[in-house]
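# Working through the structure, step by step
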Amino acid sequence: MMDKIRIIQKIKQRFKGSLLADEPLSGHTSYRIGGPADLFALPGDLDDVRLLLDICHAESLDWFVIGRGSNLLVSDTGFRGIVIDVSDAFNHISSRGTVVTAGAGVLLWDLLRYCTEFGLSGLEELSGVPGSLGGAVRLNAGAFGEEIFNTISRIKFLDPTGIVEKRERAEIRAGYRQTDLPRRIVVIEAELTLHDGNPTEMQAVQDNILKRRRERQPLSLPSAGSVFKRPEGDYAGRLIEEAGLKGLRIGDAMVSKKHANFIVNVHVASARDVLHLIREVQERVFERFGVRLEPEIHFVGFEETVP
Ligand SMILES: Cc1cc2nc3c(=O)[nH]c(=O)nc-3n(C[C@H](O)[C@H](O)[C@H](O)COP(=O)(O)OP(=O)(O)OC[C@H]3O[C@@H](n4cnc5c(N)ncnc54)[C@H](O)[C@@H]3O)c2cc1C
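So, how was this worked out
- Residues numbered from 1 in each chain as written.
- Predicted model: local features only at pLDDT ≥ 70, side-chain atom pairs only at ≥ 80, totals over all residues.
- Heavy atoms only, no water.
- Domains from an automatic or database assignment.
- Contact = heavy atoms within 4.5 Å.
- Buried area = accessible area lost by both parts, 1.4 Å probe.
- Salt bridge = Lys/Arg side-chain N within 4 Å of Asp/Glu carboxyl O.
- Polar contact = N/O pair within 3.5 Å; in protein donor to acceptor, adjacent residues only side chain to side chain.
- Nonpolar A, V, L, I, M, F, W, Y, C, P; charged D, E, K, R; others polar.
- Pairing = 2+ DSSP bridges.
- Helix = DSSP H or I, 4+ residues; strand = E, 2+ residues; numbered from the N terminus.
- Axes fitted to C-alpha atoms, helices over the stretch in contact; angles between N-to-C directions.
- Phe/Tyr/Trp six-rings, centres within 6.5 Å; stacked < 30°, edge-to-face > 60°.
- Buried < 20%, exposed > 50% of the residue type's maximum accessible area, 1.4 Å probe, protein only.
- Lys NZ or Arg CZ within 6 Å of the ring centre and 35° of its normal.

Next up on the list: the domain arrangement of the chain. According to the domain assignment, the chain consists of domain 1 (4-85), domain 2 (93-215) and domain 3 (220-300). Put simply, the middle of domain 2 and the middle of domain 3, counted by C-alpha atoms, are 27 Å apart. Contact residues are listed per partner, giving 6 residues for domain 2 and 5 residues for domain 3. The junction of domain 2 with domain 3 conceals about 530 Å² of combined surface from both sides, 50% of it contributed by carbon and sulfur atoms. Scanning the region where domain 2 abuts domain 3 turns up 1 salt bridge. Across the salt bridge formed by Arg-177 and Glu-296, the nearest N and O atoms sit 3.4 Å from each other. Summed over the shared surface of domain 2 and domain 3, the number is 3 residue pairs in polar contact (both at pLDDT 80 or more). Across the side of domain 2 that touches domain 3, the residue classes break down as 2 nonpolar, 1 polar and 3 charged.

A separate point is the sheet that holds strand E17 (residues 249-250). Spatially, 3 strands are ordered E17-E18-E19 in an open sheet, and the strand pairing comes out antiparallel. Of all the strands in the sheet, the pair left with one neighbour each is E17 and strand E19 (263-265). In terms of strand pairing, strand E18 (residues 253-255) meets E19 through 3 bridges, oriented antiparallel. Within E19, the residue paired with Met-254 across the bridge is Val-264. Set on the sheet, helix H7 (residues 271-289) makes contact with E17, E18 and E19; between it and E18 the angle comes to about 30°.

Aromatic ring pairs are described here by two measures, namely the spacing of the ring centres and the angle between the planes. All told, the structure shown has 3 aromatic pairs when counted by the stated rule. Measuring from centroid to centroid gives 5.9 Å for Phe-64 and Phe-79, while their planes differ by 45°, and the two rings are tilted. Note that Phe-64 is positioned in strand E3 (residues 63-66) and Phe-79 in strand E5 (residues 79-85), a separation of 15 residues in sequence. Since its relative accessible area comes to 19%, Phe-64 is described here as buried. Taking relative accessible area as the criterion, Phe-79 reaches 6% and is therefore assigned buried. The interplanar angle of 45° and the centroid separation of 4.7 Å between the aromatic rings of Tyr-114 and Phe-118 together place this pair among those described as tilted. The class for Tyr-114 is buried, based on a relative accessible area of 17%. The side chain of Arg-184 reaches across the aromatic face of Trp-63, ending 4.0 Å from its centre. Between the NZ or CZ atom of Arg-230 and the centre of the ring of Tyr-176, over which it lies, the distance is 4.6 Å.

As structure tokens, then:
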């Protein structure tokens, strides 16, 4: 078990950011689910992040970077170690010509607003994807036929030993909701190469996409978006719906009646409820169609095996 007081003292000797002990992660996830993190750190800058990684290494503590928690299922017991939130440390946006450089902590929403204002087109299809640029890079977030890696020209990240590395787009393999970037990194910033656009037309595209999202997705209830990846040649939502699972409920977790690939938190669902429902859906879809659905959401802090 972590000796919190000693670790907090050690961090605070040089730390410029803020540090919270036993912070409930339910307040940091779109599911509104998740137990406490031993420590929740909001580093103030790059050196602060390095300090946290150093201490984690020296003290054999686990760490995890959280974006806006919009693609996460965090266990009811929370996370043993340090959760690092880079939204204060890396929140810059700048541009030169059609090249935009933005910090990993920037909200995709804010990035899109910036790009629209300056007539920098290429990200409109991602309108309505919640979360940070760092999370979008990690997951190669995409929607309506576009993916963030279609616009990325370079990324900068910290490796677990605190060394800053850069990768050009050509050096990264990016596929559907995944990349071959090392698993244990802290994304610092991304450079995106966009093209000239007309702000009014760009806004119209985004308004249309937001409307389609509102029509199709259960946006009034907490969720983490699509739970499962699209299986080859099909749609997870179609398979789940055809298997008759819309409305299936375990505790307060329910397969959305509006969009079968969303599992929503209808009131006070536990992570256990959601996890069990995910397994149930996987089993029933497999029995019916022989297709093994692979989760798109990331699992944090579970001791049991996750799907
Ligand atoms: C209503 C709704 C609709 C959604 N629609 C879409 C959609 O259309 N398309 C889509 O792709 N996704 C969608 N999502 C899922 C989610 O919004 C995206 O996956 C988003 O990119 C996650 O970003 P985040 O900042 O919230 O990441 P988090 O959920 O906080 O983290 C996700 C993963 O990224 C890692 N990570 C985050 N930041 C960093 C960083 N700086 N460095 C290293 N690793 C990091 C985390 O460790 C974790 O493994 C939706 C979610 C919701 C709730």
